[in-house]
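Now for the letters of each chain:
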Protein chains: 2
Amino acid sequence: MKFEAVTIKDIAKALGVSTSTVSRALRDSYEISPETKQMVIECAERLNYRPNPIAQSLKEKRTRSIGVVVCEIANNFFSQIINGIESIAYDKGYNVIISQSHESYEREIMDLQYLTSRSVDGLLISLSTETSDVSHLKALNEKGLPIVLFDRVSSEINAPSVVIDNFKGAYEATEHLILNGYRRIAAISNSEFLSISNERIAGYKQALENYGIAVDPQLIKHCFYGGMIYSEIEEAVNELMILKEKPDAVFTASDKLTTGCLKTIKRRGLRVPEEIAIIGFSNTEIAELIEPHLSVIRQPALEMGQSAIQLLLQQIESKRPITQIEKRVLSPELILGASSLPRKLS
Amino acid sequence: MKFEAVTIKDIAKALGVSTSTVSRALRDSYEISPETKQMVIECAERLNYRPNPIAQSLKEKRTRSIGVVVCEIANNFFSQIINGIESIAYDKGYNVIISQSHESYEREIMDLQYLTSRSVDGLLISLSTETSDVSHLKALNEKGLPIVLFDRVSSEINAPSVVIDNFKGAYEATEHLILNGYRRIAAISNSEFLSISNERIAGYKQALENYGIAVDPQLIKHCFYGGMIYSEIEEAVNELMILKEKPDAVFTASDKLTTGCLKTIKRRGLRVPEEIAIIGFSNTEIAELIEPHLSVIRQPALEMGQSAIQLLLQQIESKRPITQIEKRVLSPELILGASSLPRKLS
DNA sequence: ATCGTTACCGGCAACGATTGCGTAAAAAAA
DNA sequence: TTTTTTTACGCAATCGTTGCCGGTAACGAT
């Protein structure tokens, strides 16, 4: 398939027919006699012919490949999503081209440029932290490139999306802490520019309000890079712990933040949950191994990936542009461990 | 870039020159006058022209894309490797097409078929557990497809490779256990068909022998799917724990095996390291959060990915076939925690 | 005998970019 | 002024595949 690839011409020459005939025979056209078809198909098999997808792409203006942009591959949540995407794409004969934005707006633009220049048939993207202006995506979408947003979305783009019910996840986690007796609950979240971040903080606030606890802005920390840089988390935790009224619990809004926060807490020698309880978003598969067992809000990452690519393929393979913009909302799951056990009053 | 992509023809028409002139001007050919070049370049920018890589591929018989086959994306070790691959590929203008074999030989064959039919310029692969026959890869390689093997390799294929010094990692881990006073050291490893598995077990055995400890076959367990199926590990541990002479320590030979084994041990309520010590290969970023802190052999995954793609690009971009088959060996790193602390004699 | 169908198949062009070859015009050499 | 050289560009083929148009033979109908 590399140097001496067999082409339709070789078959034509071998059989003494025209390339058009071969092409049609292979595509099972009605205007080719059964005998010729038979002959062509046999010859193709004998020569181990594989159609050249490059040439097909050039003609048909489709590449059967889709682009995926995430901030980071080496991340439980995103690698699980990619797993979901890949599995379905594979079944449908599409291939997946992966790019990382590393949370950089510029890099995201570059990625997109690159992917579109490679003529992907569609795009799956979770926005970078730095991305506040989405006009590049809007432009692409309006030009007719099928796009599906997932996880970190933007309402400005008129495209289907798959998200987690972030509000609910955060609300339930916070409520759980409240019901277990915690009152000064801190929140550590990603950049405030991120959709997911705001929704999660909103859920957190709503829970506090519903239970008559005042929201204290001092207790809300944002880590711009979402914990990609560990010192960011460390600083946030430190700032919380030097408060006059220290928090008795903390809610963390992402995977890296959760593990990073716990790491800092442990390094400071604080006992969990006695001195500070913790619950957070995380897709780690080893919450059970962490001491104390970590209470987590788990996101259905695999399903998210599958949903996203399904929506995309649906869009790609439908002839007419979709008018109905579907927005799928998946529910996160609360998995309770010992890190948020009922508060023991001392 | 989707519907009304600007082509070289559009520029030619707009400027009243031929497409060849445009092409040559854009490629900075010496036979185009500076003024014309200037004009063409300006026009190209104005129209936001992007060369169509599909057409280029068809002509140049290269796609600037490389295929990657791993058993599983959602795995710390492999996602870190992919991160390394992607970062360098991106810089060099290549894109990365990812496939998962899910440890299945058949699926691996399919993946390969798919990737080669997409005319990737090169291939990066870590063999599936089930793969014992590598003739498909040999054939591909001999046909001229540049291949680099990583992690799970086969000596039958005449291609560059990047591996971890598995023997050393296992040896040092086992030695560490011995020096800390453990004597009945069990080993849980992947399928015995896997190169890495054998090397790690060999290192384990060598360490035992060097310290005058007899190798007990009963203490060596193989999990065919390397822990993809949790029950496999559970069973292995259970078998070890019903032995008359129970092990006092266990060495685990992969990420999933390590965490899975610890999970089982914890579920059985065994104290670590008092009742059983553990050390194993793992690339988790949160070993520190695990109680007791997990002693791990950490593999330089990012570097492995980077090394592999460098070797591949080197091969792709060199005119003549490489005669020197390079085999890079990276050193694993022992990171000691509390799970393998010196044995307290009771 | 002529015409219209039907069944089959080939030629040509096109997708977008690149390139060897040819050549007109300009510049240099005679 | 004529010849040669250089400069600068166009033509057409090519990569592998497919779509459109057209053509031919065979056959039955008129």
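The structure under discussion appears in the preceding block.
Residues numbered from 1 in each chain as written. Chains lettered and ligands numbered in written order. Predicted model: local features only at pLDDT ≥ 70, side-chain atom pairs only at ≥ 80, totals over all residues. Heavy atoms only, no water.

Draft legend 1. View of the protein's contact with DNA strand C. Near DNA strand C you find 28 residues, and of these A:Thr21, A:Ser33, A:Thr36, B:Ile8 and B:Lys9 are the closest. Protein-proximal atoms of DNA strand C, defined as those within 4 Å of the protein, fall in sugar or phosphate at a share of 60%. Interatomic distance of 3.1 Å between a backbone N/O atom of B:Asn52 and a phosphate oxygen of DNA strand C. Every element with two or more residues in the surface near DNA strand C is listed here: helix 2 (19-26) and helix 4 (53-60) of chain A together with helix 1 (8-15), helix 2 (19-26) and helix 4 (53-60) of chain B. The greatest single-element share of the surface near DNA strand C, amounting to 4 residues, is contributed by helix 4 of chain B. When grouped by side-chain class, the residues that make up the surface near DNA strand C number 7 nonpolar, 11 polar and 10 charged. (Near = heavy atom within 4 Å. Polar contact = N/O pair within 3.5 Å; in protein donor to acceptor, adjacent residues only side chain to side chain. Helix = DSSP H or I, 4+ residues; strand = E, 2+ residues; numbered from the N terminus. Nonpolar A, V, L, I, M, F, W, Y, C, P; charged D, E, K, R; others polar.)

Draft legend 2. Quick peek at the nonpolar core. By size, the foremost hydrophobic cluster in this structure holds 92 residues, and its most contacted members are A:Ile188, A:Phe251, A:Ile265, B:Ile188, B:Phe251 and B:Ile265. A:Ile73, A:Tyr94, B:Cys71 and B:Ala301 belong to the second largest nonpolar core, which has 58 residues in total. (Core = buried A, V, L, I, M, F, W, Y, C linked by side-chain atoms within 4.5 Å. Buried < 20%, exposed > 50% of the residue type's maximum accessible area, 1.4 Å probe, protein only.)

Draft legend 3. Representation of the relation of the copies chain B and chain A. With an RMSD of 0.3 Å, the operation that places chain B on chain A is a rotation of 180° combined with a shift of 0.2 Å along the axis. Each copy turns onto its partner about a two-fold axis. It is B:Ile290 whose C-alpha, among those of chain B, lies nearest the rotation axis, at 2.1 Å. Of the residues that chain B buries at the interface, 100% are likewise interface residues in chain A, meaning the two copies contact each other through the same surface. (Least-squares fit on C-alpha atoms with pLDDT ≥ 70 in both. Contact = heavy atoms within 4.5 Å.)

Draft legend 4. The arrangement of the interface of chain B and chain A in detail. With 61 residues of chain B at the contact, the number on the chain A side is 62 residues. Where chain B meets chain A, there are 6 salt bridges. A:Glu291 is paired through a salt bridge with B:Lys266; the nearest N and O atoms lie 2.9 Å apart. For the side of chain B that touches chain A, the secondary-structure elements that each account for two or more residues are helix 4, helix 5 (76-91), strand 2 (95-100), helix 6 (105-117) and helix 11 (255-267) of chain B. Here the side of chain B that touches chain A is built from residues that sort into 22 nonpolar, 21 polar and 18 charged. (Salt bridge = Lys/Arg side-chain N within 4 Å of Asp/Glu carboxyl O.)

Draft legend 5. Fine view of the sheet that holds strand 10 (residues 295-298) of chain B. All names here are of chain B. The strand order across the open sheet formed by 6 strands is 7-6-8-9-10-12, and the pairing between neighbours is mixed. Every other strand in the sheet has two partners, leaving strand 7 (220-222) and strand 12 (333-335) as the edge strands with one partner each. Pairs of neighbouring strands in the sheet enclose a mean axial angle of 15°, with direction left out of account. Bridging between strand 9 (residues 277-281) and strand 10 involves 3 bridges; their strand directions are parallel. (Pairing = 2+ DSSP bridges. Axes fitted to C-alpha atoms, helices over the stretch in contact; angles between N-to-C directions.)

Draft legend 6. Broad picture of the packing of aromatic side chains. For the structure on display, the rule yields 14 aromatic pairs over all chains. An angle of 20° between the planes, with centres 6.2 Å apart, marks the rings of A:Phe167 and A:Tyr171 as stacked. In this pair, A:Phe167 and A:Tyr171 both sit in helix 8 (residues 166-179), 4 residues apart, roughly one turn of the helix. Accessibility expressed as a relative area gives 33% for A:Phe167, which makes it partly exposed. Given a relative accessible area of 17%, A:Tyr171 falls into the buried group. Feature note: the residues A:Phe193, A:Phe224 and A:Tyr225 constitute an aromatic cluster, connected by ring pairs. The cationic tip of A:Arg107 hangs over the ring face of B:Tyr90; the distance from NZ or CZ to the ring centre is 3.5 Å. (Phe/Tyr/Trp six-rings, centres within 6.5 Å; stacked < 30°, edge-to-face > 60°. Lys NZ or Arg CZ within 6 Å of the ring centre and 35° of its normal.)

Draft legend 7. Molecular detail of the protein's contact with DNA strand D. Taken together, 27 residues form the shell around DNA strand D, and within it A:Ile8, A:Tyr49, B:Thr21, B:Thr36 and B:Lys59 come nearest. Sugar and phosphate atoms constitute 62% of the interface atoms of DNA strand D, taking the interface as everything within 4 Å of the protein. A:Tyr49 is positioned such that a nitrogen or oxygen atom in its side chain is 2.6 Å from a phosphate oxygen of DNA strand D. One nitrogen or oxygen atom from the side chain of A:Lys59 is found 2.9 Å from a base oxygen belonging to DNA strand D. Counting residues per element, the ones that place at least two in the surface near DNA strand D are helix 1 (8-15), helix 2 and helix 4 of chain A together with helix 2 and helix 4 of chain B. Per-element accounting of the surface near DNA strand D gives the leading share, 4 residues, to helix 4 of chain A. Of the residues belonging to the surface near DNA strand D, the class tally is 7 nonpolar, 10 polar and 10 charged.

Draft legend 8. Seen up close, unusual backbone geometry. Residues and elements named next belong to chain A. Cis rather than trans, the peptide bond between glutamate 291 and proline 292 has omega equal to -10°. Secondary-structure assignment places proline 292 in the loop between strand 9 (277-281) and strand 10 (295-298). Despite not being glycine, histidine 102 has its phi angle at roughly 50°, a positive value. For histidine 102, the position within the fold is in the loop between strand 2 (95-100) and helix 6 (105-117). Residue classification places histidine 102 among the partly exposed residues on the basis of a relative accessible area of 25%.

Draft legend 9. Structural detail: the sheet that holds strand 10 of chain A. Residue and element names in this part refer to chain A. With mixed pairing, the 6 strands of this open sheet are ordered in space as 7-6-8-9-10-12. If you trace the sheet from one side to the other, it starts and ends with strand 7 (220-222) and strand 12 (333-335), each paired once. Across the sheet, the mean angle from the axis of one strand to that of its neighbour is 15°, orientation sign disregarded. Here strand 6 (residues 185-189) pairs with strand 8 (residues 249-252) via 4 bridges, running parallel. Within strand 8, the residue paired with alanine 186 across the bridge is valine 250. Of the strands in this sheet, strand 6, strand 8 and strand 9 touch helix 11 (residues 255-267), which is tilted by about 160° from strand 9.

Draft legend 10. Representation of the pattern of salt bridges. Inspection of every chain in the model, using the stated rule, returns 25 salt bridges over all chains. With its nearest N and O atoms 3.9 Å apart, the salt bridge here joins A:Arg152 to A:Asp151. An identical accessibility class is assigned to A:Arg152 and A:Asp151; each is buried. Notably, a salt bridge pairs B:Arg184 with B:Asp216, separated by 3.1 Å at the nearest N-O pair. Residue B:Arg184 is located in the loop between helix 8 (166-179) and strand 6 (185-189), and its partner B:Asp216 is located in the loop between helix 9 (195-210) and strand 7; the two are separated by 32 residues in the primary sequence. Exposure class is identical for B:Arg184 and B:Asp216. Each is buried.

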